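Chain by chain, the residues run as shown.
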Amino acid sequence: MTNLLEVGVAFTLGSLTVKWYGIIIATGVLVAVLIACYNSKLKGYSKDFPYELLLWCFPLAIVGARIYYIIFSGQSYTFVEAIAIWNGGMAIYGGIIGGIIGLILYSVIRNKNLLQITDIVAPSLIIAQAIGRWGNFANQEVYGQVVTDTAQQWFPFAVYIERLGEWHYAMFFYESMMCLIGFILLMFLFQKTKSYGIVTATYLIFYGIERFILEGMRQESEILFISGTKIPISQVVSIGFVIAGITILVVLQILARKRVHAIAATKRQKQENAEMPQKTHSKAERQNKRGNAADALNNDSDSELQTTNAKKVTSASVTSVSMNDKSNANSQKDNINEENSDL
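Residues numbered from 1 in each chain as written. Predicted model: local features only at pLDDT ≥ 70, side-chain atom pairs only at ≥ 80, totals over all residues. Heavy atoms only, no water.

(A) Geometry of the pairing of strand β3 (residues 158–161). Of the strand pairs in this sheet, β3 and strand β4 (residues 166–169) are connected by four bridges, and their pairing is antiparallel. Within β4, the residue paired with Y160 across the bridge is W167. In sequence, β3 turns back onto β4 through a hairpin of four residues, with G165 there showing a positive phi of about 70 degrees. (Pairing = 2+ DSSP bridges. Helix = DSSP H or I, 4+ residues; strand = E, 2+ residues; numbered from the N terminus.)

If you want it as structure tokens, here you go:
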């Protein structure tokens, strides 16, 4: 088994050589697809959805991973050497960038929500990274500084590099375990959160910080630098990932607050609309009451006026009768006087 790992060969079939690196990468892809199928079902997508994503993203991820490595490796490659991906020499950040390009193309052409798709893909991606790092173990790559203390020369804390005859920190193992923790975190968030983009942002921040720290612990010969500098390109990209993740969270928070305010405003408007007929009805009642009171007051005034007029008429009648009685009395008196005069 040790000899197989020295050369990275799993088995041979005639002239066909099958390497552990390819088997492990294929296993990572298979597990990623199964996780994507599960997550897609939770979000109501069809069973064919993960396979569509795979067809769009996987080829671009492979091409991106290889191109990224070739650009920043500082080495020259022939075309045949460039496409010999089974010999190793692929950069995960290049694969992620290529996969993101595939996701963007898919979301635009199929008119899908990009963040919803990346939320489904993120857990699958990080578990594939966790598995794929063991391909680096098979190829004896991605290791840290030399371990000289014999008490620390044990696997998986350290790994023995055959071609160097030295023990080195097992960076591939550290990153694999960190990705496994990240996978558990992302799956938890995926099932608990309803907002799109939270899982994506968490992946960008988590993996960005993880890779930035571990990149600084690698053996210098295993680090890809920006041409002409001693700046690790992966640390620069890691910072970009963290900034992108934080930006997504901030934007999502702003949009969430706007939605809350909009919902509150809508509720207030509905409440006001519901209260409007009641207010109108109350106002009409008040107006009716005022009108009834005014009518009653007018009726009272009319009654008083009629009473007053009646009293005046009665008084006038009495006065008239009195005057008539007085006139009659005077007439009788005059008649009596006349009679006495005749006598």
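From this point, things continue past the structure.
(B) Structural context of unusual backbone geometry. A cis amide bond links F155 with the next residue in sequence, P156, at an omega value of 15 degrees. Take P156: it is sitting in the loop between α6 (114–138) and β3. Phi is positive for N111, which is not a glycine, with a value near 55 degrees. Positionally, N111 belongs in the loop between α5 (92–109) and α6. The exposure class of N111 is exposed, given its relative accessible area of 70%. Phi is positive for V142, close to 60 degrees, though the residue is something other than glycine. Mapped onto the secondary structure, V142 falls in the loop between α6 and β3. Assessed through its relative accessible area of 7%, V142 is described here as buried. (Buried < 20%, exposed > 50% of the residue type's maximum accessible area, 1.4 Å probe, protein only.)

(C) Local environment of α5. Taking 1.5 Å of rise per residue, the 18 residues of α5 would be expected to cover 26 Å, and the 26 Å separating its terminal C-alpha atoms lies within 8% of that figure. Those residues of α5 that sit buried are Y93, G94, G95, I96, G98, G99, G102, L103, Y106 and S107. N111 sits one or two residues past α5 and shows a positive phi near 55 degrees. (Expected span 1.5 Å × (residues − 1).)

(D) Focus on the nonpolar core. Judged by nonpolar contacts, the single largest core of 37 residues is most densely connected at F49, Y68, Y93, Y203 and F241. The set of elements that each furnish at least two residues to this core consists of α2 (20–42), α3 (49–73), α5, α6, α7 (171–192), α8 (198–215) and α9 (233–342). Here the element with the most residues in this core is α6; it accounts for eight residues. Counting residues in hydrophobic clusters, the runner-up holds 10 residues, among them Y143, V159, Y174 and L214. (Core = buried A, V, L, I, M, F, W, Y, C linked by side-chain atoms within 4.5 Å.)

(E) Seen up close, empty space enclosed by the protein. The full count for this structure, using the stated rule, is one cavity of 30 Å³ or more. Its boundaries defined by the atoms lining it, the largest cavity holds a volume of some 40 Å³. As for the largest cavity, its lining consists of K43, D119, F190, T193, S195, Y196 and V199. In the lining of the largest cavity, the residues fall into three nonpolar, two polar and two charged. (1 Å grid on protein atoms, 1.4 Å probe; cavity = no way out; pocket = protein on both sides within 12 Å on 5 of 7 lines; lining within 4 Å. Points joined across faces, edges and corners; volume = space filled by probe spheres on them. Nonpolar A, V, L, I, M, F, W, Y, C, P; charged D, E, K, R; others polar.)

(F) Geometry of the side chain of E222. Positionally, E222 belongs in the loop between α8 and α9. Buried and unpaired, E222 has R163 as its nearest opposite-charge partner, separated by 4.0 Å. (Lys, Arg positive; Asp, Glu negative; His and termini not counted. Salt bridge = Lys/Arg side-chain N within 4 Å of Asp/Glu carboxyl O.)

(G) Structural context of the packing of α5 against α6. Running from N to C, α5 and α6 cross one another at 155 degrees; their axes reach a closest spacing of 11 Å. Here α6 runs roughly antiparallel to α5, going by the angle between their axes. With respect to the hand of their crossing, α5 and α6 are arranged in right-handed fashion. Across the interface between the two elements, I92, I96, L103, I104, Y106 and S107 from α5 touch L114, I117, T118, V121, L125, Q129 and R133 from α6. Looking at side-chain class alone, the contact of α5 with α6 contains nine nonpolar, three polar and one charged residues. (Axes fitted to C-alpha atoms, helices over the stretch in contact; angles between N-to-C directions. Parallel < 35°, antiparallel > 145°, perpendicular 65-115°, else oblique. Left-handed = near helix turned anticlockwise from the far one by under 90°. Contact = heavy atoms within 4.5 Å.)

(H) Examining the packing of aromatic side chains more closely. Taken as a whole and judged by the stated rule, the model has 19 aromatic pairs. With a centroid separation of 5.1 Å and 80 degrees between ring planes, the pair formed by W134 and F172 is classed as edge-to-face. Of this pair, W134 sits in helix α6 while F172 sits in helix α7, and the two are 38 residues apart along the sequence. Accessibility expressed as a relative area gives 1% for F172, which makes it buried. (Phe/Tyr/Trp six-rings, centres within 6.5 Å; stacked < 30°, edge-to-face > 60°.)

(I) Region of the structure containing the pattern of salt bridges. The final tally for this structure, using the stated rule, is five salt bridges. A salt bridge links R218 to E215; the nearest nitrogen and oxygen atoms lie 3.6 Å apart. With relative accessibility at 8%, the residue R218 sits in the buried group. Residue E215 is classed as buried on the basis of its relative accessible area, which comes to 1%. A network of salt bridges, in which partner residues are shared, links R211, E215 and R218.

(J) Local environment of the confidence of the model for the protein chain. Chain-level statistics for the protein chain give a pLDDT mean of 85 and a share of 78% at 70 or above. Here residues 1–6 scores under 50 on pLDDT; set against residues more than four positions off or in separate chains, the count is 10 contacts. (pLDDT = per-residue confidence, 0-100.)

(K) Molecular detail of a nonpolar patch on the surface. Together, L60, I97, I100, I101, I104, L105, V108, I109 and L114 line one region of the surface with nonpolar side chains, adding up to about 730 Å² of accessible area. Ranked by residue count, the leading element in the nonpolar patch is α5, at seven residues. By secondary structure assignment, the location of L60 is in helix α3. Assessed through its relative accessible area of 31%, L60 is described here as partly exposed. (Patch = residues over 30% accessible without salt bridge, like charges linked within 9 Å, V, L, I, M, F, W, Y side chains within 5 Å. Areas by Shrake-Rupley, 256 points an atom, 1.4 Å probe, with all protein chains shown as cover.)

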